[in-house]
Amino acid sequence: KGIMNAISGHHFGTDGKTEKHTVCVEGNIGSGKTTLLEYFSTYPYTEVTKEPVEKWRNIKGMNALEYMYKDASRWGLTFQTYVQLTMLQIHTQPQVKRVKMMERSIYSAKYCFVENLYQSGKMPEIEYTVLTEWFDFLLKTQDIKVDLIVYLKTKPETDLRRIKERCRPEEKQIPLEYLETLHNLHEDWLIKKKFPLPAPVLVLNGEYEKEEMIKEYESYTPHILRGPA
Ligand code: DGT
């Protein structure tokens, strides 16, 4: 209750200190980002943007996610170009409420997923370079503000179990090694700071199951919704 008062009370009232705040939720496939966003969407002053994955599965009836999983060498550039576009659209969408929360970002698409395609030899250098030039141009010219990154840290084995449980058809063939590589890329970026970080990182243990996870979210709510002091 104390926490709730702090949030709905004078901290974010009309005292001029009220500032808009953008949070990106990052973590491996199956780490629980959707559950976290569902939890925070119940707060009246947060807006949670829709999962872009639904767009990737239906581009005028075509499923780019499925193409990408079936043949990453052929469709990687197509898919990542579309991911970059949809992420940019979400980043630049006008913010109405005080807190904007989004699943992933243009950054993880580049530093984790594009990097993975390139490093594994599935994306040729020329495609990587074209995407990188677009990415750099967008960062320079667009308003892609992030105030906080929440990193849901999980073990790849846990991600694999959850992916199997939810049964998205495109994800049926995902091997553990793929999740391990993606995990390492998230760690390289968010913990080891191998790529530029657009905002401070809050690391949450994503290993808990739903009920304890909700308790974890509750205890970090002031930090997540207000941002670093
Ligand atoms: P959650 O709630 O933590 O389980 O998150 P998911 O798995 O619903 O959401 P996400 O964004 O981790 O992944 C959705 C699907 O899209 C998954 O099969 C991985 C894929 N994906 C997401 N972003 C990218 C990307 O930039 N490139 C590639 N190749 N795949 C991506």
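Look above for the structure.
Because the structure is a prediction, the values reported are computed rather than measured.

Thresholds applied
Residues numbered from 1 in each chain as written. Predicted model: local features only at pLDDT ≥ 70, side-chain atom pairs only at ≥ 80, totals over all residues. Heavy atoms only, no water. Helix = DSSP H or I, 4+ residues; strand = E, 2+ residues; numbered from the N terminus. Expected span 1.5 Å × (residues − 1). Buried < 20%, exposed > 50% of the residue type's maximum accessible area, 1.4 Å probe, protein only. Arc of directions from axis to C-beta. Pairing = 2+ DSSP bridges. Axes fitted to C-alpha atoms, helices over the stretch in contact; angles between N-to-C directions. Contact = heavy atoms within 4.5 Å. Core = buried A, V, L, I, M, F, W, Y, C linked by side-chain atoms within 4.5 Å. Salt bridge = Lys/Arg side-chain N within 4 Å of Asp/Glu carboxyl O. Polar contact = N/O pair within 3.5 Å; in protein donor to acceptor, adjacent residues only side chain to side chain. 1 Å grid on protein atoms, 1.4 Å probe; cavity = no way out; pocket = protein on both sides within 12 Å on 5 of 7 lines; lining within 4 Å. Points joined across faces, edges and corners; volume = space filled by probe spheres on them. Nonpolar A, V, L, I, M, F, W, Y, C, P; charged D, E, K, R; others polar.

Enquirer: Can you walk me through helix α7 (residues 125-141) in this structure?
Expert: Because the α-helix completes a turn every 3.6 residues, residues three or four places apart line up on one side. In this model α7 runs 24 Å from its N-terminal to its C-terminal C-alpha over 17 residues, within 8% of the 24 Å that 1.5 Å per residue would give. Listed as buried for α7 are Tyr128, Leu131, Thr132, Phe135 and Leu138. Taken down its axis, α7 places every buried residue within 130 degrees of arc, on the same side. Across α7 from its buried face, at more than 90 degrees, point the exposed residues Ile126, Glu133, Trp134 and Lys140.

Enquirer: I keep staring at the sheet that holds strand β4 (residues 148-153) and nothing clicks. Help me out?
Expert: Hydrogen bonds along the backbone pair up the strands of a sheet, which may run parallel or antiparallel. With respect to topology, 5 strands assemble into an open sheet ordered β2-β3-β1-β4-β5, the strand pairing being parallel. Since the sheet does not close on itself, it has two edges, and those belong to β2 (46-48) and β5 (201-205), each with one partner. Each adjacent strand pair in this sheet contributes to an overall mean axis angle of 20 degrees, direction not counted. As defined by bridge partners, strand β1 (residues 21-27) adjoins β4 across 5 bridges and the pair is classed as parallel. Within β4, the residue paired with Val25 across the bridge is Val150. Strands in contact with helix α10 (residues 210-226) are β1, β2, β3 (99-103), β4 and β5; relative to β5, the strand with the most contacts, it is inclined by about 170 degrees.

Enquirer: Any chance you could explain the nonpolar core here in plain terms?
Expert: Across soluble globular proteins, you tend to see nonpolar side chains buried next to one another. Core analysis: the largest hydrophobic core is formed by 42 residues, its most contacted members being Ile29, Phe79, Ile106, Tyr107 and Trp189. Of all the elements in the fold, those that place two or more residues in this core are α3 (53-56), α4 (64-70), α5 (72-92), α6 (106-119), α7, β4, α8 (156-166) and α9 (176-190). In contact with Ile29, other than residues within four places in its own chain, are Tyr69, Arg104, Phe113, Asp159, Ile163, Arg166, Glu171, Ile174, Tyr178, Leu179 and Leu182. Judged by nonpolar contacts, the second largest core, of 19 residues, contains Tyr39, Phe40, Leu202 and Tyr217.

Enquirer: Would you mind going over the pattern of salt bridges with me for this structure?
Expert: Charged atoms that come close allow side chains of opposite charge to pair. On inspection of all chains with the given rule, the structure shows 13 salt bridges. Glu170 is paired through a salt bridge with Arg57; the nearest N and O atoms lie 2.8 Å apart. Taken together, the positions of Glu170 in the loop between α8 and α9 and Arg57 in the loop between α3 and α4 put the pair 113 residues apart, joining distant regions of the chain. Note on Arg57: relative accessible area 21%, which makes it partly exposed. When the shortest N-O distance is used, the salt bridge between Glu165 and Arg161 registers 3.5 Å. Of the two residues, Glu165 and Arg161 are both situated in helix α8; the distance of 4 residues between them amounts to about one turn of the helix.

Enquirer: So what exactly am I meant to see when it comes to the environment of Tyr107 here?
Expert: If you trace the backbone, Tyr107 turns up in helix α6. Put simply, Tyr107 and Cys24 are 83 residues apart on the chain and 9.8 Å apart in space, counted from C-alpha to C-alpha. Those residues in contact with Tyr107, other than ones at most four positions away along the chain, are Cys112, Phe135, Leu139, Ile144, Val146, Trp189 and Pro198. Engagement of the side chain of Tyr107 in a polar contact is seen with the backbone oxygen of Ile144, the distance being 3.4 Å.

Enquirer: I'm lost on unusual backbone geometry in this one. Help?
Expert: If you check the backbone angles, Arg104 has positive phi at about 60 degrees while not being a glycine. Tracing the backbone through its elements, the reader meets Arg104 in the loop between β3 and α6. Positive phi outside glycine occurs at Cys167, with the angle close to 55 degrees.

Enquirer: Help me understand the layout of surface pockets, please; the structure alone is not making it clear to me.
Expert: Over the atoms, a rolling probe the size of a water molecule traces out where space has been left empty. Volume-wise, the largest pocket comes out at about 680 Å³. Taken together, 36 residues line the largest pocket, and the ones lying closest to its centre are Gly30, Ser31, Lys33, Thr34 and Arg166. Of all the elements in the fold, those that place two or more residues in the lining of the largest pocket are α2 (33-40), α3, α4, α5, α6, α8 and α10. Of the residues forming the lining of the largest pocket, the biggest block, 5 residues, is contributed by α8. Here the second largest pocket is characterised by a volume of approximately 390 Å³. The wall of the second largest pocket is formed by 21 residues, among which Met68, Tyr69, Lys70, Ala72 and Tyr178 lie closest to the centre. Of all the elements in the fold, those that place two or more residues in the lining of the second largest pocket are α4, α5 and α6. Element by element, the count of residues in the lining of the second largest pocket is highest for α4, at 4 residues. Among the residues making up the lining of the second largest pocket, the classes are represented as 9 nonpolar, 5 polar and 7 charged.

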